[in-house]
Structures are given as C-alpha cells and as structure tokens.
Amino acid sequence: MSEALKKRQEKKKRKICAKLQAYGLQIDCNPTSTVVIANAGIGNMVCSTELTHLVSQYGDCILLKLDGKSYAVVQYKNTESAKYAAESLEGHQMVKQTKNEFATFYCFYLNNIPQEDVIFAEEKSDLPNGLIKIENFLNKEEEQALINCIQHDISILSNDHVSEKLKHRTVLHYGYKFRYGTNDVDINNPISEGLPNYIENLLDRIMATGYLPSRPDQLTINMYEPGDGIPPHTDNTRSFDGVLSTVSLGSHTVMNFSKEGAERIDVCVEPRTLFLFTGESRYEWRHGIQQRKFDILDQGKKITTRTIRYSLTFRTVVKDAGKSGCTQKEEFLIPENESDANSLESSHVHSVYDKIADHFSSTREKPWPHVVEFLQSLPRASVVLDVGCGSGRYLGVCQQHFMLGCDRSVSLINICKQKNFPSFVCNGLKLPVREGSFDACICIAVIHHYATEKRRIQAIKELLRAVRIGGKILIYAWAIEQTCNNVKSKYLKKNAVTSNQEHIESDVSSPKDGKQKLAVHVNRTLFVQQDLLVPWKSKNVNSKSNNSCSTYLRYYHVFKENELQSLCSQITECSVLKSYHDNGNWCVILEKV
Amino acid sequence: MRLSAFVRMRLITHNMLTSHVKGVKNGYPLVIKAEDIKEQETDFNPDFISRMITRIEWPALTKAMEMIGHTDQLPEEVPKDYETNNDFLKQAHHALMEIEVITGSLTCPESGREFPIANGIPNMLLNEDEV
C-alpha cells in the first residue's frame, strides 16, 4: 500500500472512530472481546445472515443486533478470537444487498459491551417520543403459560359479556368493560372478578419499571388472527391515566404510529415485548395495526407471516373525572415553592439535557472568547471547577490549569469523558467538593435553569464555598435584554424573518388564580417575560428519516440588568469585581473575601 | 493508530471531592472501593505538580493510595524541598494524575452513603431526602 493511501485510510478510520464515539460507544485502543465493525450495520444494507456467517469464522460469538445502525457489534468468547476477527475483517469488503456496491469494514474494540441504555437510547430515536420499548420482557416459558391461560379464558368466557368478537379481532375485558361506542368504561360498573390472577406477576414486573403512576385496574386482551388489525387510535385520555402499557405474545406484528405533520413510524412488535406509552406517544400519536397476513421487516429484507398474536393492554381508570390523570396540553406555572421548582427542573431541565445531549454538544463546541479570557487571566496551574460544564466546552481550552467539570446530566458527562476530560455528576445546588479547594470556578449558562431566586442564590453560594479566599468566580446567565447598545445578540441575529412582536405579545399569559404561567418562548425573538419554556428542536443526527425532529421545552429564568449583581450582593463573603453584558448574557466576576 | 484513551476518576479528583449528604459533619476523604483500576502514563510537568501540591490535601492522597492498595509509595509528609525534589514530584505526579479508578464507589466515611463510579465517572447525585 502506498504511503498516501495508508495515510488516507488512517484518517478515514479516525473519523469513523469519532463517529462511533459520538454514538456513545466506548472504543478501547487495546483488544477486548467485543468488536465493533463500522459499515456492517443493517443500515449499510449488509445482510445479517451473511454477516453472522462471516464473523463466526473467527470464533464463538454473538452478533448483537443493532437494527438500522451503521455498525455491528460482535461479542466474542475471548479476546484472542476478537483480535483475530478484527485483524482479518479490517478493510474487508462485503457486497451490499440492494446495490452494486461494497461496504468496507473498519474494526474497533469496545471496552465494554454497549450498555443497555446506549442501545436503548438509540433505538428510542426510531420510536415516537415517549414510547418505551423493552424487548424480552418475558421469557418463552412465561409467554406460553400466559397464552395457555388466555386461551382457557377465551374458551370459557366466549359469548359472555366480557368477550366480544369484533370485526377484526377478539377481545376480553377485565376490571372494567371497555365501551367501544364511547371508547371508555363505566366507572360505576366494574367487573366483580377484577384482573385475572395469572397476570399479577407480570403486572408486578411492569410496576417495577417505575413508569406507571399507579397499578392498572383494567385489562383488555386482544387476540389477533392473521389478517386482523386495529384502526389508528389514541386511547381516551379522560377515562384512563397517563401511561398505558401493553405486552405482546405469540406472533410478531408491526404497529403504525401516525401524527399530524409527522411521517408515519412503523414499529416492529416482537413477541414478549413490553411497550409503555408515555408523554407524546400517549397523547399525540395514533397507533394502529394494518390488516395483513404478513409483514415486511428489516427494511424490506425479510417477509414474515403473522400467526396468532395476543396483546395485553393495561390501563388505569380515572375515578375522579374532575381530576383527570392527564390533560392534552399541560399548563406550567412559575414555581413558588421548592418542591414545584424541583419537579420543574427535573422534567424541563435535567431530563431534557439527557435527551438532547448529543445534539446539544454538537452545537456547543466553540468557546465564548470572554470566558476563555477569564481562564487565561488566572495564575498558571490553577485548580478550576466548571460547574454545569455540559459537554466540556471549556475543559480543554486552558491546558496550563487543572480543569475539573461537573454537570447534572449523566449524558453530557459521558461526552466529557469521551473527550478525555475529568468530570463527575452532581447537582449544582449541592457541590460535593471540599470547601476552598479551588482557585476559581466558572458557571456558564447554568443558573438561569434554577426555578426560584432562592435556588439561584444557593447555586452562587455553592460556587463561593468551592473556592478559596481570594478565589475568582465567573458566572454567565441568559439576559432578557438581547440587545446591548443597539447591537442585537447573536441569538437574535440568527432569526431570518423579522419577528412578529404583536403575535408574541398575544401569547403572554395573564395571571391565573393569582399564579403566573410560564410562557413558551418563540425562538430567536425578544423575551416577553423572565420565566419561560424555551423550545429545543432536536435533530437526530443518527437517523435518516426527516421525521426524527422533536421539540423539548427547557425552563429558563432570563436575567434583567443588575439582577445577577443584586443576587450576589445578598451573599456575604462575595465581592463583585466586574459586571457586564456579553452577547445576550449578564455576567459577573466575583471574588471570595 | 492511537485511539483516545479514556480518563477515569483520577486521585486528584478524589482529593477535591467530599460527601455532601445532609447532616454529615466530616465527609472527607471519601473511602475508595475500587473494582477496576487503570494506570496510564501522562506527561510529567514538574511546575504543574509542585503547584498542585499546594492545592491538595496531602494526607487524603496518601490515604487514597492505601485504599487502592498502593502502600508505601508516598512519603507521609510533603518534603520541605518539594519544589525542587524531582523524585518526589514524579511520585506525586504518578499518584495524582496516572492512577484512575474505572469501576468502584466512593463511600461517605460518616454516613456510609455510597456513590458509584461507573466508566470512571463518580455519580454524586443525592436523593431528595439527603439534600
């Protein structure tokens, strides 16, 4: 091989390695027993049977199936076989299934088998938002035992009031009878037998997932014969609680999810899988099953004939109609106490960052110059803590210091670790660091996520506790004023169309029951109030379908001029050295005295 | 080809961390239980290390080394000539920067609360009732 070609290939391999790492895979430079083969995924149109055959030539192994991805993961029995495989398969070319093309393999080692959540999170992106899929929730024996019980029930309960042969499927109801005319149940008329005993274990296990707010008291069992289906529907949100769970037995099937303005998502339903319909998948998406005798799986590569399928749908009946378990559009109020603030931050800050981490990280690569300036102004070899370091934007900009990062989001800290930055997970309201152990702290674009003033002050106090006397602190928070000396911030400039201020004004909430509502902000426009929810449109970098764009709302408290300064002045031992506006942010430099 | 190596929890990070469980008076140093440790050479910068010596708790570092089974590698006290004592600075560099805990836990010495270390990342999140 020529030098130039070799160089080109090495460059290409480095690029692929970075991509795999971005997917959350932990590449090890030393051989391990787990090999990841880039370009060998089903997403590369590589035939999985051929691949299985190929990889098993080098030793006992399991091909960890990663549908639709651009890589495959192979777990070998030992490192020797893995090494043999990786070395042999490096550069291997396999004919793609549909086109007259080759897929060229690049092999890497993983330093652990991909954690469930890594694969899980990736698969989640192919599912409607909020839909949680847990495969192999039951084993085959448990499945068969349940099917036997159900078949028994069908035989004795047929023609009973709880069993119905609908046009395209047979149903059994327990707990309450489902009324198909109104799609609800009569809460005053429960079925005396309640739920059958044989599902109690299964129900215990579903409860143990922690997703269900309360134990379901209504069960519908559907039996689908080949050719049966169910029209697209959203389960009644008035009569049933916020989360639905459904377990599938027997045949596989394909469930179609549809939503206005979104591309249809087809979800393969393998037997023994548990689905939890939460959030958007529960309220906004319709789900249905087409009447067919077969399904086309694996992107057109596999045709599978349907057999008899049983689905068990568990619902919780809302007893108090006035206090419905879920509402179509939630209303958010500005929190007034700690517990409300805590749950708002948890749902609209922490969990959002965990979901958008990859996309967020890709948009937060360029450090802000004045933050770098601050870091460079510190004495050489300072010990600096970056509180709310995100994906580590500032952890690598000043090599002369020891920079340690922390963030509330596990996903973001995982990205820091991939970039080789020391970091840990914690909440900024309570820093697990010894008092005075740092020479300086930075806290960039963090304290605007705390939902009460008390918490914002607490966060600043913690920064002060972390630094030594004489130590410096730099804080940035988003400003309600997005123009300074008539210069628009970058945030506003990015707005291509002139904002329609009138339209936004009309969105401003009026106090309701004396409580102020959170406004949903229109991106790239002026802020209309201080406490708001800012939409984050997440593009899924891994998926090719256009439909993989979802919106998350993040809570912000945007700061007014002098507000940040005045918070700091309430804290003893804190002296404000400088206060300034930087591109739509209010900033302070503090010294611990 | 050199792929990036992963930084796990180094002992310098351990030196900064403390237990922050509600009601705990002395949560320092955290007790290390290491299931998986990795040693990895990093560039030695004597100026940087001698500066770090002034910023860390030396007894906690010697204790940390003992807790992971590296006994008798560090002097009990920082020598007076530490700034120019290259041998010492190298030892300190190794202890602070090159030993990484990949899997294990950090335990609060007072309350016994355990904080897991997974993939080299200490998770110091508290439950609501511990704040």
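Below you will find a few notes about this structure. (Residues numbered from 1 in each chain as written. Chains lettered and ligands numbered in written order. Predicted model: local features only at pLDDT ≥ 70, side-chain atom pairs only at ≥ 80, totals over all residues. Heavy atoms only, no water.)

### Observations concerning the overall build of chain B
Line of reasoning, step 1. Summing up its helical and strand segments, chain B has four helices and five strands in all.
Line of reasoning, step 2. Reading the secondary structure of chain B in the N-to-C direction produces β-α-β-α-α-α-β-β-β.
Line of reasoning, step 3. Residues counted as buried form 53% of the 131 residues belonging to chain B.
Line of reasoning, step 4. Contacts in chain B between residues far apart in sequence, at least 24 positions, make up 69% of those at least 6 positions apart. (Helix = DSSP H or I, 4+ residues; strand = E, 2+ residues; numbered from the N terminus. Buried < 20%, exposed > 50% of the residue type's maximum accessible area, 1.4 Å probe, protein only. Contact = heavy atoms within 4.5 Å.)

### As for the sheet that holds strand 25 (residues 423-425) of chain A
Residues and elements named next belong to chain A.
Line of reasoning, step 1. Ordered by their spatial adjacency, seven strands build an open sheet running 25-24-23-26-27-34-33, and the pairing between neighbours is mixed. Every interior strand has two partners, whereas the edge strands, strand 25 and strand 33 (574-582), have only one. Pairwise comparison of adjacent strand axes, ignoring direction, gives a mean angle of 15 degrees for this sheet.
Line of reasoning, step 2. Relative to strand 34 (residues 585-592), strand 33 runs antiparallel, the two being bridged by eight bridges. Within strand 34, the residue paired with His-581 across the bridge is Trp-586.
Line of reasoning, step 3. In this fold helix 10 (residues 410-418) packs onto strand 24 (402-407) and strand 25, with an angle of close to 165 degrees to the strand it touches most, strand 25. (Pairing = 2+ DSSP bridges. Axes fitted to C-alpha atoms, helices over the stretch in contact; angles between N-to-C directions.)

### Considerations on the interface of chain B and chain A
Line of reasoning, step 1. Contact residues are listed per partner, giving 36 residues for chain B and 45 residues for chain A.
Line of reasoning, step 2. For the pair chain B and chain A, the number of links is three salt bridges.
Line of reasoning, step 3. The closest approach of N and O atoms between Glu57(B) and Arg434(A), which form a salt bridge, is 3.8 Å.
Line of reasoning, step 4. If you look at where chain B meets chain A, you find 14 residue pairs in polar contact (both at pLDDT 80 or more).
Line of reasoning, step 5. Among the elements of the structure, helix 1 (11-16), helix 2 (46-55) and strand 5 (121-122) of chain B are those that each provide at least two residues to the side of chain B that touches chain A.
Line of reasoning, step 6. Classifying every residue of the side of chain B that touches chain A gives 20 nonpolar, seven polar and nine charged. (Salt bridge = Lys/Arg side-chain N within 4 Å of Asp/Glu carboxyl O. Polar contact = N/O pair within 3.5 Å; in protein donor to acceptor, adjacent residues only side chain to side chain. Nonpolar A, V, L, I, M, F, W, Y, C, P; charged D, E, K, R; others polar.)

### Section: the pattern of salt bridges
Line of reasoning, step 1. The final tally for this structure, using the stated rule, is 22 salt bridges over all chains.
Line of reasoning, step 2. Arg264(A) serves as the salt-bridge partner of Asp266(A), at 2.9 Å between the closest nitrogen and oxygen.
Line of reasoning, step 3. You can call Asp266(A) partly exposed: its relative accessible area is 42%.
Line of reasoning, step 4. Among the residues examined, Arg264(A) registers a relative accessible area of 44% and is labelled partly exposed.
Line of reasoning, step 5. The closest approach of N and O atoms between Glu338(A) and Arg455(A), which form a salt bridge, is 2.9 Å. Here Glu338(A) is found in helix 8 (residues 338-363), whereas its partner Arg455(A) is found in helix 11 (residues 453-466), with 117 residues between them in sequence.
Line of reasoning, step 6. Under the relative-accessibility criterion, Arg455(A) is labelled buried at 5%.
Line of reasoning, step 7. When salt bridges with common partners are traced through the structure, they connect Asp439(A), Arg468(A), Arg51(B) and Arg55(B) into a single cluster.

### Description of a positive patch on the surface
Residues and elements named next belong to chain A.
Line of reasoning, step 1. Where like charges cluster on the molecular surface, the positive patch consists of Lys-11, Lys-12, Arg-14, Lys-15 and Lys-19.
Line of reasoning, step 2. The topology assignment puts Lys-11 in helix 1 (residues 3-22).
Line of reasoning, step 3. Since its relative accessible area comes to 56%, Lys-11 is described here as exposed. (Patch = residues over 30% accessible without salt bridge, like charges linked within 9 Å, V, L, I, M, F, W, Y side chains within 5 Å. Areas by Shrake-Rupley, 256 points an atom, 1.4 Å probe, with all protein chains shown as cover. Lys, Arg positive; Asp, Glu negative; His and termini not counted. Charge placed at Lys NZ, Arg CZ, Asp CG, Glu CD.)

### Some remarks on the pairing of strand 17 (residues 262-269) of chain A
In summary, the side chains of a regular strand alternate between the two faces of the sheet.
All names here are of chain A.
Line of reasoning, step 1. Both strand 16 (residues 253-259) and strand 17 contribute to a ladder of six bridges, which runs antiparallel. Directly across from Val-254, in strand 17, lies its bridge partner Cys-268.
Line of reasoning, step 2. In sequence, strand 16 turns back onto strand 17 through a hairpin of two residues, with Gly-261 there showing a positive phi of about 80 degrees.

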